[in-house]
Amino acid sequence: MSEQFRFEQYDALIFDMDGTLVDSMPRHLDAWEATSAEFGLPFDRAQLNEYGGIPTRKIVAILAEQHGLDIDVEAFTRRKVALYMEHIQQVSVFPAMWELVRRCHGKVPMGIGTGSPRNQAESILKSTGLDAYIQVVVSADDVVNHKPHPDTFLQVAEQLGANPANCLVFEDTQIGLQAGRAAGMETVLVLEGELYQR
């Protein structure tokens, strides 16, 4: 684990979930690909990966508008979520992130700020065992303004009683990093579970 990070100096560590803490993005993208084919929506895996952190229904609306398509956003969202939930038990924690979480447990408060709905987040935390380590979860259901707005991360900090200026956010997308910076927090890029840069 990167020793240049002195995690104990922070009031709180705040993690994005999908693609940062857990290796769930391939499952999300598979569900997106299948649903897009069914609904006639052009599918670009790389573009969708960058939308990580934004709730499904918002992404569908953005893409439908971009492509000039009339898509039933709610029906698309229900189908995509159903396909994803079929495979949610296969989601695992990235090994280096597990090491970090275990090392910091009991030393630094930790929370999750995710663009996933609460039921998906709680299902993943329970099936992976992360629920024993993470004190606070703020999901897509808990905020109106999702990433890149700072609201998700600010709410995690508030619930942990942490000063936003002394929180460290872990994110795997530019949208997520933008949200962390907008919250006045330090950020670190995580790719495939490995820390890359501040």
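Residues numbered from 1 in each chain as written. Predicted model: local features only at pLDDT ≥ 70, side-chain atom pairs only at ≥ 80, totals over all residues. Heavy atoms only, no water.

By the naming in an unreviewed UniProt entry, the protein is Beta-phosphoglucomutase family hydrolase, taken from Aeromonas dhakensis. UniProt annotates the protein under Sequence similarities (unreviewed entry) with the comment "Belongs to the HAD-like hydrolase superfamily. CbbY/CbbZ/Gph/YieH family." (UniProt positions renumbered as here; feature names shortened; annotations may be inferred.)

### Observations regarding helix H3 (residues 56–66)
Those residues of H3 that fall on the buried side of the exposure criterion are Thr56, Ile59, Val60, Leu63 and Ala64. Angular distribution of buried residues about the axis of H3 spans 130 degrees; they occupy a single face of the element. Residues of H3 that are buried make contact with helix H1 (25–39), helix H2 (45–50) and helix H4 (73–85). Just beyond H3, the residue with positive phi is Gly68, at close to 65 degrees. (Buried < 20%, exposed > 50% of the residue type's maximum accessible area, 1.4 Å probe, protein only. Helix = DSSP H or I, 4+ residues; strand = E, 2+ residues; numbered from the N terminus. Arc of directions from axis to C-beta. Contact = heavy atoms within 4.5 Å.)

### Here's the deal with H4
Given a rise of 1.5 Å per residue, 13 residues ought to cover 18 Å, and the 18 Å separating the end C-alpha atoms of H4 matches this to within 8%. Taken together, the buried positions of H4 are Ala75, Phe76, Thr77, Lys80, Leu83 and Tyr84. Each element contacted by the buried residues of H4 is listed here: H1, H3 and helix H6 (118–128). Among the residues of H4, the N-terminal cap falls to Asp72, whose side-chain oxygen and the backbone nitrogen of Glu74 are separated by 3.2 Å. (Expected span 1.5 Å × (residues − 1). Polar contact = N/O pair within 3.5 Å; in protein donor to acceptor, adjacent residues only side chain to side chain.)

### Let's talk about the packing of aromatic side chains
For any pair of aromatic rings, the description rests on two quantities: the centre-to-centre distance and the angle between the ring planes. Scanning all chains against the criterion turns up five aromatic pairs. Ring centres of Phe39 and Phe76 lie 5.1 Å apart, and the angle between their planes is 55 degrees; this geometry places the pair in the tilted category. Here Phe39, found in helix H1, pairs with Phe76, found in helix H4; they are 37 residues apart in sequence, far enough to count as distant. Phe39 sits in the partly exposed class, given a relative accessible area of 29%. Members of the aromatic cluster, connected to one another through ring pairs, are Phe7, Phe15 and Phe170. (Phe/Tyr/Trp six-rings, centres within 6.5 Å; stacked < 30°, edge-to-face > 60°.)

### Section: the nonpolar core
Residues Phe7, Leu13, Phe15, Met97, Leu130, Phe170 and Leu195 are the most contacted members of the largest nonpolar core, which totals 34 residues. Where this core is concerned, the elements lending two or more residues are strand E1 (12–15), H4, helix H5 (95–104), strand E2 (110–113), H6, strand E4 (167–171) and strand E5 (186–191). The element best represented in this core is H5, accounting for five residues. When neighbours within four sequence positions are excluded, Phe170 is seen to be in contact with Phe7, Leu13, Ile14, Phe15, Asp16, Thr20, Met97, Leu100, Val188, Val190 and Leu195. Within the second largest apolar cluster, 15 residues are counted, among which are Ala12, Val136, Ala162 and Val169. (Core = buried A, V, L, I, M, F, W, Y, C linked by side-chain atoms within 4.5 Å.)

### Here we look at the packing of H1 against H4
Two elements in contact, H1 and H4, have axes separated by 8 Å at closest approach and are oriented at 140 degrees. Judged by the angle between their axes, H1 and H4 are oblique. Seen along the crossing, H1 lies across H4 with a hand that is right-handed. Mapping the contact onto sequence places Arg27, His28, Ala31, Trp32, Ala34, Thr35, Ser36, Glu38 and Phe39 in H1 and Ala75, Phe76, Arg79, Lys80, Leu83 and Tyr84 in H4. (Axes fitted to C-alpha atoms, helices over the stretch in contact; angles between N-to-C directions. Parallel < 35°, antiparallel > 145°, perpendicular 65-115°, else oblique. Left-handed = near helix turned anticlockwise from the far one by under 90°.)

### Things to note about the domain arrangement of the protein
When the domains of the protein are assigned, the result is domain 1 (7–21 + 94–196) and domain 2 (26–89). Inter-centroid distance (C-alpha atoms) of domain 1 to domain 2 is 23 Å. Facing the 15 residues of domain 1 at the interface are 14 residues of domain 2. For the domain 1 and domain 2 pair, buried surface summed over both sides reaches about 1200 Å², with 54% attributable to carbon and sulfur atoms. Area buried by domain 1 at its contact with domain 2 is led by Gln120, Thr173 and Ile175, which between them contribute 36% of it. Linking domain 1 with domain 2 are zero salt bridges. Put simply, domain 1 and domain 2 have four residue pairs in polar contact (both at pLDDT 80 or more) between them. Breaking the side of domain 1 that touches domain 2 down by element, the ones donating at least two residues are H6 and helix H8 (174–182). Per-element tally for the side of domain 1 that touches domain 2: the top contributor is H6, with five residues. Each residue belonging to the side of domain 1 that touches domain 2 can be placed in one class, and the counts come to four nonpolar, nine polar and two charged. (Domains from an automatic or database assignment. Buried area = accessible area lost by both parts, 1.4 Å probe. Salt bridge = Lys/Arg side-chain N within 4 Å of Asp/Glu carboxyl O. Nonpolar A, V, L, I, M, F, W, Y, C, P; charged D, E, K, R; others polar.)

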